[in-house]
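The chain contents come next:
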Amino acid sequence: MKLIFEKSQPGRRGGELPRPDVPTPEVPPELKRDRPPRLPELAEPEILRHFTKLSTRNFGIDTGFYPLGSCTMKYNPRVNERLVMLPGFRDLHPYQDEDGSQGALELMWRLQEALIEVSGLDACSLQPAAGSQGELTGLMLMRAYFADRGEAERRDTIVTADTAHGTNPASVTMAGYKLAKVRTDPRGNVDVAHLRELVDERTAGLMLTNPSTLGLFDEHIEEIAAIFHEVGALLYYDGANLNAVCGISRPGDMGFDIVHINLHKTFSQPHGGGGPGGGPVVVRDTLEPFLPVPAVVKDGDGFRLDHDRPKSIGKVRGYTGPFGVFVRSYAYIRSYGPGLREMSETAVLNANYLLARLKDAYDLPFERLCMHEFVLSARSLKREHGISALDVAKRLMDYGFHPPTIYFPLVVPEALMIEPTETEAKETLDEFTDAMLAIVREAAEDPDVIKEAPHGRPVRRLDEVKAAKRAIVKYGFEEHADLSAEPAEARQLEAQKGA
Amino acid sequence: MSYLSLTDRDREEMLAAIGVSSVEELFRDIPAGVRFHRDLDLEPALGEQELSRHLEELAARNVDTTHELSFLGAGIYDHYVPAIVDAVLQRGEFLTAYTPYQPELSQGVLQAIFEYQTAICELTGMDVSNASGYDGTTVAADACYVAKHATGRSKVVVTEATNPQVRQVVKTYAPGFGLEIVEVPHREGVTNPDELRRAAADAACVIFQQPNFFGCLEPAPDLAAAAHDAEAIPVAHVDLVSLGVLEAPGVYGCGMAIGEGQSAGNYQSFAGPHYGFLAARNDFIRRMPGRIVGETVDTAGERGYVLTLQTREQHIRREKATSNITTNQTLLALAGLVHLSWLGPEGLRELGETCMGLCDYAKRRLVAAGFELAFPERTTFKEFAVRVGRSAKDAVATARSRGVHPGYALGRDFAGLDDALLVAVTEQRSPEDIDRLVEALAA
Amino acid sequence: MAATETYPEDLKYHKEHDWARIDGDEAVLGITWFAQDSLGELVHYEAPNEGDTISKDSSYGEVESVKAVSEVIAPLSGEVVEVNRKVVDEPETVNEDPYGEGWLIRIRLTEPSEADALLDVAAYKQVVAES
């Protein structure tokens, strides 16, 4: 399919602008644009066709089942898309006076209150733009807390789990902390004995998600919290897996002091092909003074922004955060009310149902009931038939499904991390199970059909080695290389190697 | 209302298949001490109709730009978003897709990002763009991180004429990055290159904004040259919709170009979600934060797109990653691409000229009505600072009582400007609107 | 194409899957067949500079495939005399010929006695078997 730039014809354009009858001032010559930017030149119908065609080459939750572990690909309610377009939300400037933005401030305050209740903590900031940014904010809060107590120099290390998402260690580095890693035990819990060796008075805190990326609730969470609190350290909850426990177990009650929530996971903000998201942080009252500024507060019957926060870490993002995301998340929570618990119960039920039906056909690293997601291994398939987790993923596309997360967490070889979410019908789960079982049969009887998958997509398997070596990251116009005119590579494509 | 599909019969069959007798049993691994036993204290559930009514009531209590003539800017602008942007963003295959880690299922998003990267590089004169950052403030922190690791230096210079929110976010990130931040004051609304050069000794990078926070055009090539003299990387924080009339930062020697993308394709939306952009010279490609889409071929020799250079990113490089960023702002960047495609080069140039022309008209009419411009000597793009002869905050209150929001009170961020308003004029305003502004301030 | 699995007799090995070919007071260093096979096709080699000092058991550079990054561990200490530019330009050379054309750096040894602590082929094959 052509790039939009390749469809460009000089002299065509999409829209027309109003041309008011005022003279155009001169741009000083040293600042003036010399050559016009080579933006596409197409009329509107062709622009719409181009993007529509692109969309048909893409798979969303609207298209089909999307069991990406730790991503919580649940249905994105359409009423929310209508609500964000209300002019009172859509056309509101962030610097409008407080008396002209009471509806927005109230919505934010109510969302904060709901997240506080779900977390079991005391105060909330909606400012961080994504889960990763929430993590970094949480670590900054820890630093400010310890600095306030004169302990900042001493506390230089954060403990993460070996099953942690890569964002956890990356955030630790960006926050200027050192990293320690705790092992996972054979039952899938944090290895408490190893943890005791790691934690001392130099420890600032723990970053953990519970349930873990293995989909397992840590049975020793109370003991873990005590280990950190005893040395005066803090606990940070990575909210990526919150969908499992809303109304069932609250992070604050588990012993966590700081929580980030992924609004684009648990609370239905659509992922948009990579973003936007929202990563609000909820904290214990001891940490409230350090939250980003401004805070959204209730003042009598009204709401306002409080900039008078002398101990605040500052700002992590512009203004008060991604408001359109808050509209959707607030609407989502209001549509469930206290029934939010049923959302999590169903997520856990759906996952355990799939686990029960698949665990004998694939390798199961941990013999336990799971929470909202579970991990299988394709290790036996690889050993016996040369079929890897990557191959299984590609073949699932032929059956009309998006594959699960593969090769994560790192502690499980040939990992397949499956998270159905609560919005799937039983028939869909059954169809997915049938496909997964069919692939096991194909591995023995007809492995080539798997290795050459997918068969029905706009492209076959792509040469990621070439992409990394050539690094063609934009259209080069007349100088654009034609990779498809080059001879086909004889060597095995590295995409097939997997992790 | 819930979005669940299971019936009672489904649940029975599923529990039987799992081998438990109740849903409650599925949670048996959770220690009793952390079980939550009461109902969540949340307001009662609302069906779609009641939910809509509730949200409409909240929205109605906001005074938005369809209900008030607004000249507010200061980083977020009321530009026209064409209907085609909404139509593309409503495609469920874009809206509800995840990050394109499985390229065979994601050629739509991957190609769109590749086109976005191309557009950003064209506008800024750079070699590589990422797939977006969170917003115009965090990309400044990103640029500092790149510069620190590229140069080994721990000092960053930012001009005072850069958006105060950008500066505040950079200062918040600085301690964790181990960076010292130095500010160079504005002189009559712009930055002095000699002052910048002196401040930039031993700096990893210099960040300046063009047009700057006051709407003034900085001597950008001289600022870039001054940074080079100090061996610091020049980083320009720019406005996408100005780049049809203003020179690309890559052409006048910048190492990186960053900014807030909202003006291209996004509604104001009380400041989000929007998208930050970050583009750089090829030298920095391996240090770029965020996702990058690259071109390649498939087994049949067909052209296709994939996420590339992923070894920079957190899921592979973990604690040594170029950033922790995962979820970004792809959908909003797609909106920017659609808008820029709809404008084309001619439309973008006209948009820039219209903003400049209306801005000038507003300045002339205000001066004629007896107001004093804060920086009369400066060429401006789509906003300017005007002294209103009294407290700017009071002037805002009075004007609003006449249905006009006249702009941002600068005294909040800058000493000596308590009587000054930052007035933004985009293509959404007309000369008649501007006449109303003058009346609302003059009375 | 990737080479077949071999571990030459005349080389010394380090448990982090690196080899050394000692040549008087200099040594040539690289990564083993096992290392390149685990990583997959290499797409990038981040080399040290000529003149840099490297230390035994520390990292002196990085190699990357599409999906993984690995530090390259020095089996011996020394000063970098030469960097193999062919591998910088064509990293896949390491996959094709890990012990010949795929050498990474040549160093002048600062502590020649460190060679005594290195593994011989049999001992290294044991390490591979346990990995």
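Calculation rules
Residues numbered from 1 in each chain as written. Chains lettered and ligands numbered in written order. Predicted model: local features only at pLDDT ≥ 70, side-chain atom pairs only at ≥ 80, totals over all residues. Heavy atoms only, no water. Contact = heavy atoms within 4.5 Å. Buried area = accessible area lost by both parts, 1.4 Å probe. Salt bridge = Lys/Arg side-chain N within 4 Å of Asp/Glu carboxyl O. Polar contact = N/O pair within 3.5 Å; in protein donor to acceptor, adjacent residues only side chain to side chain. Helix = DSSP H or I, 4+ residues; strand = E, 2+ residues; numbered from the N terminus. Nonpolar A, V, L, I, M, F, W, Y, C, P; charged D, E, K, R; others polar. Domains from an automatic or database assignment. Phe/Tyr/Trp six-rings, centres within 6.5 Å; stacked < 30°, edge-to-face > 60°. Buried < 20%, exposed > 50% of the residue type's maximum accessible area, 1.4 Å probe, protein only. Lys NZ or Arg CZ within 6 Å of the ring centre and 35° of its normal. Patch = residues over 30% accessible without salt bridge, like charges linked within 9 Å, V, L, I, M, F, W, Y side chains within 5 Å. Areas by Shrake-Rupley, 256 points an atom, 1.4 Å probe, with all protein chains shown as cover. Lys, Arg positive; Asp, Glu negative; His and termini not counted. Charge placed at Lys NZ, Arg CZ, Asp CG, Glu CD. Pairing = 2+ DSSP bridges. Right-handed = clockwise from strand over helix to strand, strands pointing away. Axes fitted to C-alpha atoms, helices over the stretch in contact; angles between N-to-C directions.

Topic: the interface of chain C and chain B
Here is step 1: Taken together, the nine residues of chain C in the interface contact six residues of chain B.
Here is step 2: Between chain C and chain B, roughly 610 Å² of surface is buried when both sides are summed, and carbon and sulfur atoms account for 40% of that area.
Here is step 3: Linking chain C with chain B are four salt bridges, by the criterion used here.
Here is step 4: Between C:Glu64 and B:Arg286 there is a salt bridge, and its shortest N-O distance comes to 3.2 Å.
Here is step 5: Applying the counting rule to chain C against chain B returns six residue pairs in polar contact (both at pLDDT 80 or more).
Here is step 6: Those elements that place two or more of their residues in the side of chain C that touches chain B are strand E6 (59–65) and strand E7 (69–73) of chain C.
Here is step 7: Examining the composition of the side of chain C that touches chain B, we find that three residues originate from one element, E6(C), more than from any other.
Here is step 8: Residues of the side of chain C that touches chain B, tallied by class, amount to three nonpolar, two polar and four charged.

Digging into the domain arrangement of chain B
Residue and element names in this part refer to chain B.
Here is step 1: When cut into domains, chain B gives domain 1 (69–81 + 345–442) and domain 2 (84–337).
Here is step 2: Look at where the C-alpha atoms of domain 1 and domain 2 centre, and you get two points 27 Å apart.
Here is step 3: Taken together, the 28 residues of domain 1 in the interface contact 33 residues of domain 2.
Here is step 4: Interface area, domain 1 with domain 2, both sides summed: about 2,400 Å², of which 69% is carbon and sulfur.

Quick word on the interface of chain B and chain A
Here is step 1: Counting residues at the interface gives 185 residues for chain B and 205 residues for chain A.
Here is step 2: Each partner contributes to the roughly 17,200 Å² buried at the junction of chain B and chain A, and carbon and sulfur atoms together form 62% of this total.
Here is step 3: In this structure, the connection of chain B to chain A is made through 17 salt bridges.
Here is step 4: Across the pair A:Arg334 and B:Glu43 runs a salt bridge whose closest N-O atoms are separated by 3.5 Å.
Here is step 5: Taken together, the connections running from chain B to chain A amount to 96 residue pairs in polar contact (both at pLDDT 80 or more).
Here is step 6: Sorting elements by how many residues they give to the side of chain B that touches chain A places helix H11 (residues 330–368) of chain B first, with 25 residues.
Here is step 7: For the side of chain B that touches chain A, the class distribution of residues is 90 nonpolar, 55 polar and 40 charged.

Focus: the packing of aromatic side chains
Here is step 1: Inspection of the entire model under this criterion finds 35 aromatic pairs over all chains.
Here is step 2: Here B:Tyr145 and B:Phe177 contribute two aromatic rings whose centre-to-centre distance is 4.4 Å and whose plane-to-plane angle is 40 degrees, an arrangement assigned as tilted. Pair noted here: B:Tyr145 is in helix H6 (residues 138–151) and B:Phe177 is in helix H7 (residues 164–177), with a separation of 32 residues, a long-range link.
Here is step 3: Classification of B:Tyr145 as buried rests on a relative accessible area of 9%.
Here is step 4: These aromatic residues form a ring-pair network of at least three members: A:Tyr95, A:Tyr319, B:Phe213, B:Phe214, B:Phe375, B:Tyr408 and B:Phe414.
Here is step 5: Directly above the ring of A:Phe477 sits A:Arg38, whose terminal nitrogen or CZ lies 3.9 Å from the centroid.
Here is step 6: Cation over ring: B:Lys382 sits above B:Tyr77, and NZ or CZ is 3.9 Å from the ring centre.

Focus on the pattern of salt bridges
Here is step 1: Counted under the stated rule, the structure contains 82 salt bridges over all chains.
Here is step 2: Between A:Glu151 and A:Arg155 there is a salt bridge, with the nearest N and O atoms lying 2.9 Å from each other. The burial state of A:Glu151 is the same as that of A:Arg155; both residues are buried.
Here is step 3: Across the pair B:Glu195 and B:Arg187 runs a salt bridge, and its minimum N-O distance is 2.7 Å.

So, a negative patch on the surface
All names here are of chain A.
Here is step 1: Where like charges cluster on the molecular surface, the negative patch consists of Glu-445, Asp-446, Asp-448 and Glu-452.
Here is step 2: Tracing the backbone shows Asp-446 in the loop between helix H14 (426–445) and helix H15 (447–451).
Here is step 3: Asp-446 gets classed as partly exposed once you look at its relative accessible area, which sits at 38%.

Side note on the pairing of strand E5 (residues 234–239) of chain A
All names here are of chain A.
Here is step 1: Within E5, six of the six residues are buried, which leaves the element mostly enclosed by the surrounding structure.
Here is step 2: Note: strand E4 (residues 203–208) against E5, four bridges, orientation parallel. In the strand pairing of E5, Met-207 is matched with Tyr-236.
Here is step 3: Remark: the E4/helix H8 (residues 221–230)/E5 crossover connection has right-handed handedness.

Focus on the sheet that holds strand E8 (residues 276–280) of chain B
Residue and element names in this part refer to chain B.
Here is step 1: Strand order in the open sheet made by the seven strands is E2-E8-E7-E6-E5-E3-E4, with mixed pairing throughout. Each edge of the sheet is formed by a strand with only one pairing partner; in this case those strands are strand E2 (128–129) and strand E4 (180–184).
Here is step 2: With two bridges connecting them, E2 and E8 associate as antiparallel partners. Bridge assignment links Ser-129 to a residue of E8, and that residue is Ala-279.
Here is step 3: The strands that helix H5 (residues 107–124) touches are E2, strand E7 (256–260) and E8; relative to E8, the one it contacts most, it runs at about 70 degrees.
Here is step 4: Relative to E7, H6 is tilted by about 160 degrees, and along the sheet it contacts strand E3 (155–159), strand E5 (205–210), strand E6 (233–238), E7 and E8.

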